[in-house]
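Understanding the architecture of this molecule
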Amino acid sequence: MAARSLEIGPAGIRAARTIEILRTERGLAQRELAARVTALGRPMSNTMLSRIERAQRRCDIDDLVAIAQALHVPVPALLPGPATA
């Protein structure tokens, strides 16, 4: 059985960029957002968050929900809309 690719696709890349944009708009350092996510019960280091934002680490649904809560936005706000041409 062939190994499944862990490559992050276009939707994941756009979600990662959205997380970074919202974090910086709120004036939060990666360390601060990671601490908020951890306080919500989803342990996350600033290294993990950095790798998510750089699309070097997959963001699973539990991470996504906790990040949205920590940023005080609904989960769909982190999800990319239709790609623009």
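Residues numbered from 1 in each chain as written. Predicted model: local features only at pLDDT ≥ 70, side-chain atom pairs only at ≥ 80, totals over all residues. Heavy atoms only, no water.

Let us look at the pattern of salt bridges. A side chain with one charge can pair with a side chain of the opposite charge if their charged atoms come near. Applying the stated rule across the entire model yields five salt bridges. Residues Glu20 and Arg17 are paired through a salt bridge, measuring 2.8 Å at the closest nitrogen-oxygen approach. Note that Glu20 and Arg17 are positioned in helix α1 (residues 10–25) at a spacing of three residues, about one turn of the helix. Each of the salt bridges in this network shares a partner with another, and the network as a whole consists of Arg42, Arg57, Asp60 and Asp63. (Salt bridge = Lys/Arg side-chain N within 4 Å of Asp/Glu carboxyl O. Helix = DSSP H or I, 4+ residues; strand = E, 2+ residues; numbered from the N terminus.)

Now for helix α4 (residues 61–71). Among the residues making up α4, those that are buried are Asp63, Leu64, Ala66, Ile67, Ala68, Ala70 and Leu71. On the buried face of α4, the contacting elements are α1, α2 (30–39) and α3 (46–53). At the N-terminal boundary of α4, the capping side chain belongs to Asp60, with an oxygen 3.0 Å from the backbone nitrogen of Asp62. Residue His72 follows α4 closely and has a positive phi angle near 60°. (Buried < 20%, exposed > 50% of the residue type's maximum accessible area, 1.4 Å probe, protein only. Contact = heavy atoms within 4.5 Å. Polar contact = N/O pair within 3.5 Å; in protein donor to acceptor, adjacent residues only side chain to side chain.)

Helices that pack against each other are described as a pair by the angle of their axes relative to one another and the distance between those axes. Look at α2 against α4: their axes get within 9 Å of each other, and the N-to-C directions meet at 110°. Taken together, the axis directions place α2 and α4 in an arrangement best described as roughly perpendicular. Here α2 runs over α4; the crossing is right-handed. Of the residues in α4, those in contact with Leu33, Arg36 and Val37 of α2 are Ala66, Ile67, Ala70 and Leu71. (Axes fitted to C-alpha atoms, helices over the stretch in contact; angles between N-to-C directions. Parallel < 35°, antiparallel > 145°, perpendicular 65-115°, else oblique. Left-handed = near helix turned anticlockwise from the far one by under 90°.)

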